[in-house]
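Spelled out, the chains give:
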Amino acid sequence: GDKFFDNFNLTTLEDPDFYPDGRDLGENYTYTGWLMNPCLKSSDINCVTCHTSSGRNRFKDDLNRSCTMCHADKGESLKEHTMHEPGSPGSVCVNCHAPTREFVGRFLRSDHSFRPPVPAATIKFGSPNACNSCHTDKSPEWADQIVRQRENGNYQEETLYWAQLIKEARDDKWQRLDEMLKIINENRLDEVVITSLIRLLVNCPDDKKWETILKALQENSSPLVRSAAANTLSAASSDIFKKALLNAVKDESRLVRISAASSLAAYDPNSFLPDDKALADKATEEYMNSLVTRPDDWSAHYNKGIFHQNRGESHQAIESYETAARLYPQSLLPLINSSILYSYSGNHTKAEENLGKVLKMDPGNEAANLNMGLLLAEQGRMEEAEKALLTALTTNPEQAVAAYNLSVICSQKSMDDALKYAAIAAEAAPENPKYPYTLAYYKMQNNQEKEAENILKQVLDTNPEYLYAVSLLAEIYIKDGRKSEAEKLFTDALNEEGISENDRQALREALNSVRNSQRTDHK
């Protein structure tokens, strides 16, 4: 009688064990598919509607009865609906709406989303469809043509639309972020799709996402969605978010409460008022209890490590990560996370050892190669660092951090390589002003001042407070004798908010130097 989300969380389409359209690759994600079931939204259907308590089919003598109890009109016009002869496999409802697939170990599992076949998704994403499961001699294109001839043949379009957005979010492509946020805000699709998008948004660098995530936490009726929003807020920090999370620790759903407690770990405990701290402590205790319900599960200790790391408790975090790695030596994330903490604490030997374990299991691992490259560079082992960073960049051609550090390393021996890698970083993450600034700096070194000037102007259009760009652009102006433009540049910078007093003083001195120089020139 307990509520599901008082006891469990749920894997959704952010996980690569699913195709982007929600068909799974073989894991037994029955309940995820079930929550995508359109019948679930429009009726009181449940497991024992179709199954006995031991899991057998209630309607094995007449399989279609499980559907025609509600969809009597389809039963009366079976051939018209199925486009197959009565008595044939294609006229059995579950063969199209809950097809069974065989997986490793002869494990049979049915798709409980009850969605109709979408051969267009097979064409686009490679996911399975019921048509070609029977008609193995035919192509998905053939099946797609048949489906589109139906009276409601455009039913595939909605799935193709949101599945493509899921795929783009998985690939860190955010050009259609507004459309993703609209799906979440409208709450029109099922909670699995909405949860998936929220979880994927944790990697999105655009701050416009936060308003939507906050709204989902505060207003969505699904505890799965609210918990996803609470977890995603761990990547942000503000008084507004803290207040929302403190409210969420009072949620009726345990999953939401412990998700909010996990995200609140990123805030300084001393920043809470006494009543708020009591709420947070209570939810934190509930969260920690949830982790130790399965003390032999490596992921429980991994999550404890994240919790302690968010609270700045490095020793406890490392201990949890090491326990996770000991329980499941093939797990990569505990080793990667612990290596970062070892590096921060100055234990470079242990950091390198753990990253080495990861790379032995997965030589092309992006995160491990990136962190190994940074670690080696910090120790002055530039040749080894370059190799590791290049592997990270090869694995992910848009890995801006790897490209930026490669540009710094290569600048000592090849300006062409430095420019190439700096350009990759600037293109991959233009929102970080350090990367285009670095590209402009190297262009200056390579006597490409006009290109450097254009890049710096673009940086200051979006980040007018970025003083490195101000300084370098002023240097170009002064060198060209355009001192009035340099003066205006410094004056505009002084009018920007959020600049420290030390920086303001440096700007005033630079401005006075330009003005004095102009007076000297005039004399």
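No experiment lies behind these values; they were computed from the predicted model shown.

What counts and what doesn't
Residues numbered from 1 in each chain as written. Predicted model: local features only at pLDDT ≥ 70, side-chain atom pairs only at ≥ 80, totals over all residues. Heavy atoms only, no water. Helix = DSSP H or I, 4+ residues; strand = E, 2+ residues; numbered from the N terminus. Buried < 20%, exposed > 50% of the residue type's maximum accessible area, 1.4 Å probe, protein only. Contact = heavy atoms within 4.5 Å. Areas by Shrake-Rupley, 256 points an atom, 1.4 Å probe, with all protein chains shown as cover. Lys, Arg positive; Asp, Glu negative; His and termini not counted. Charge placed at Lys NZ, Arg CZ, Asp CG, Glu CD. 1 Å grid on protein atoms, 1.4 Å probe; cavity = no way out; pocket = protein on both sides within 12 Å on 5 of 7 lines; lining within 4 Å. Points joined across faces, edges and corners; volume = space filled by probe spheres on them. pLDDT = per-residue confidence, 0-100. Axes fitted to C-alpha atoms, helices over the stretch in contact; angles between N-to-C directions. Parallel < 35°, antiparallel > 145°, perpendicular 65-115°, else oblique. Left-handed = near helix turned anticlockwise from the far one by under 90°. Nonpolar A, V, L, I, M, F, W, Y, C, P; charged D, E, K, R; others polar. Expected span 1.5 Å × (residues − 1). Disulfide = S-S within 2.5 Å. Core = buried A, V, L, I, M, F, W, Y, C linked by side-chain atoms within 4.5 Å. Salt bridge = Lys/Arg side-chain N within 4 Å of Asp/Glu carboxyl O. Phe/Tyr/Trp six-rings, centres within 6.5 Å; stacked < 30°, edge-to-face > 60°.

Chemist: Any chance you could explain the overall build of the protein here in plain terms?
Modeler: For the protein, the helix and strand inventory stands at 31 helices and 2 strands. Counting over 523 residues, the protein shows a buried share of 45%. Taking the intrachain contacts of the protein between residues at least 6 apart in sequence as the baseline, contacts between residues at least 24 apart amount to 51%. Carbon and sulfur atoms make up 49% of the accessible area of the protein, which amounts to about 27900 Å² in all. With 59 positive and 78 negative side-chain charges, the protein shows a spacing of 2 Å between the two charge centroids.

Chemist: Please clarify how empty space enclosed by the protein should be interpreted in this entry.
Modeler: Gaps left between atoms show up when a probe the size of a water molecule is rolled over them. Considering all chains together, one arrives at 1 cavity of 30 Å³ or more under this definition. Of the voids in this model, the largest cavity is the one considered here, and its volume is about 200 Å³. Those elements that place two or more of their residues in the lining of the largest cavity are α7 (93–97), β1 (100–103), β2 (107–110) and α9 (130–134).

Chemist: Which parts of the structure should I look at to understand the confidence of the model for the protein?
Modeler: Regions with low pLDDT carry predicted coordinates that are not meant to be interpreted in detail. Per-residue pLDDT for the protein has a mean of 93; in total, 98% of the residues score no lower than 70. Within the protein, helix α13 (residues 191–200) carries the highest mean pLDDT (98), whereas β1 carries the lowest (74).

Chemist: Hey, could you run me through the packing of helix α26 (residues 415–428) against helix α27 (residues 434–445) in this one?
Modeler: Their axes nearest at 8 Å, the elements α26 and α27 cross at an angle of 155°. By the angle class used here, α26 and α27 are roughly antiparallel. The element α26 and its partner α27 pack so that their crossing is left-handed. On α27, the residues that touch Met 415, Ala 418, Leu 419, Ala 422, Ala 423, Ala 425 and Ala 426 of α26 are Tyr 435, Pro 436, Leu 439, Tyr 442, Lys 443 and Gln 445. Considered class by class, the residues forming the contact of α26 with α27 number 11 nonpolar, 1 polar and 1 charged.

Chemist: Would you take a moment to explain the packing of helix α24 (residues 382–395) against helix α25 (residues 400–410) for this structure?
Modeler: Relative orientation and spacing of two packed helices are given, respectively, by the angle between their axes and the distance between those axes. Where α24 meets α25, the axes come as close as 9 Å, and the angle between the chain directions of the two elements is 150°. Of the possible angle classes, the one that applies to α24 and α25 is roughly antiparallel. Pair α24 / α25 crosses with left-handed handedness. In this structure, α24 contributes Met 382, Ala 385, Glu 386, Leu 389, Leu 390, Ala 392 and Leu 393 to the contact, and α25 contributes Ala 402, Ala 403, Asn 405, Leu 406, Ile 409 and Cys 410.

Chemist: Could you clarify how one ought to interpret helix α21 (residues 333–344) in this entry?
Modeler: Residue pairs spaced three or four apart in an α-helix point in one direction, given the helix's 3.6 residues per turn. Helix length check: α21, at 12 residues, gives a terminal C-alpha distance of 17 Å against a target of 16 Å (1.5 Å per residue), a fit within 8%. Within α21, 9 of the 12 residues are buried, which leaves it mostly tucked inside the rest of the structure. Listed as buried for α21 are Pro 334, Leu 335, Ile 336, Asn 337, Ser 338, Ser 339, Leu 341, Tyr 342 and Ser 343. Next to the buried residues of α21 lie α19 (298–310), α20 (314–327), α22 (348–361) and α23 (366–378).

Chemist: Looking at this model, I keep getting lost on the side chain of Ser 262. Mind explaining?
Modeler: Mapping Ser 262 onto the fold places it in helix α17 (residues 254–264). A relative accessible area of 12% means that Ser 262 is categorised as buried. Beyond its immediate sequence surroundings of up to four residues, Ser 262 is in contact with Asn 231, Tyr 287, Phe 307 and Asn 310.

Chemist: Explain the state of the cysteines to me, please; I cannot follow it from the model alone.
Modeler: Disulfide: a covalent bond connecting the sulfur atoms of a pair of cysteines. According to the stated counting rule, one finds 0 disulfides in the structure shown. Take Cys 131: it sits in no disulfide, and the sulfur closest to it among the cysteines is that of Cys 96, at 6.3 Å.

Chemist: Help me understand the nonpolar core in this model?
Modeler: Nonpolar side chains in soluble globular proteins generally cluster together in the buried interior. The biggest cluster of nonpolar side chains holds 68 residues, and the ones touching the most others in it are Tyr 435, Leu 456, Ala 469, Val 470, Leu 489, Phe 490 and Leu 507. Element by element, the count of residues in this core is highest for helix α29 (residues 467–479), at 8 residues. When neighbours within four sequence positions are excluded, Phe 490 is seen to be in contact with Val 470, Ala 474, Leu 507, Ala 510, Leu 511 and Val 514. Listed in part, the 64 residues of the second largest apolar core include Tyr 29, Leu 165, Ala 244 and Ala 248.

Chemist: I would appreciate a short explanation of the pattern of salt bridges in the present structure.
Modeler: A side chain of one charge can pair with a side chain of the opposite charge if their charged atoms are brought near each other. The final tally for this structure, using the stated rule, is 36 salt bridges. Of the charged contacts, one joins Arg 23 and Asp 21 as a salt bridge, the two residues approaching to 3.9 Å between their closest N and O atoms. Take Asp 21: its relative accessible area is 1%, and that puts it in the buried class. Residue Arg 188 is joined to Glu 158 by a salt bridge in which the shortest nitrogen-to-oxygen separation is 2.9 Å. Residue Arg 188 is located in the loop between α12 (177–186) and α13, and its partner Glu 158 is located in helix α11 (residues 156–170); the two are separated by 30 residues in the primary sequence. Beyond isolated ion pairs, a larger network of salt bridges with shared partners links Glu 453, Lys 457, Asp 480, Arg 482 and Glu 485.

Chemist: Help me understand the environment of Gln 316, please; the structure alone is not making it clear to me.
Modeler: Its location among the elements puts Gln 316 in helix α20. With a relative accessible area of 35%, Gln 316 lands in the partly exposed category. For the pair Gln 316 and Gln 149, spaced 167 residues apart in sequence, the C-alpha to C-alpha distance is 61 Å.

Chemist: Looking at this model, I keep getting lost on unusual backbone geometry. Mind explaining?
Modeler: In terms of backbone geometry, most residues other than glycine have negative phi values and most peptide bonds are trans. Even without a glycine there, the phi angle at Phe 114 is positive, about 60°. Mapped onto the fold, Phe 114 is located in the loop between β2 and α8 (119–125).

Chemist: Which parts of the structure should I look at to understand the packing of aromatic side chains?
Modeler: Here a ring pair, both rings aromatic, is described through the centre-centre distance and the interplanar angle of the planes. Tallying each qualifying case throughout the model produces 14 aromatic pairs. Seen in terms of ring centroids, Tyr 287 and Phe 307 are 5.5 Å apart; in terms of plane orientation they differ by 45°. Their pairing is tilted. Here Tyr 287, found in helix α18 (residues 274–291), pairs with Phe 307, found in helix α19; they are 20 residues apart in sequence, far enough to count as distant. Across the pair, exposure class does not vary: Tyr 287 and Phe 307 are buried alike.

Chemist: What's the story with helix α14 (residues 209–219) in this structure? I'm lost.
Modeler: Restricting attention to buried positions, one finds in α14 the residues Lys 209, Trp 210, Thr 212, Ile 213, Leu 214, Ala 216 and Leu 217. The secondary structure elements touched by the buried residues of α14 are α12, α13, α15 (223–232) and α16 (239–248).

Chemist: Would you mind going over the environment of Asp 206 with me for this structure?
Modeler: Tracing the sequence through the fold places Asp 206 in the loop between α13 and α14. Separated by 156 residues in sequence, Asp 206 and Asp 362 place their C-alpha atoms 31 Å apart.

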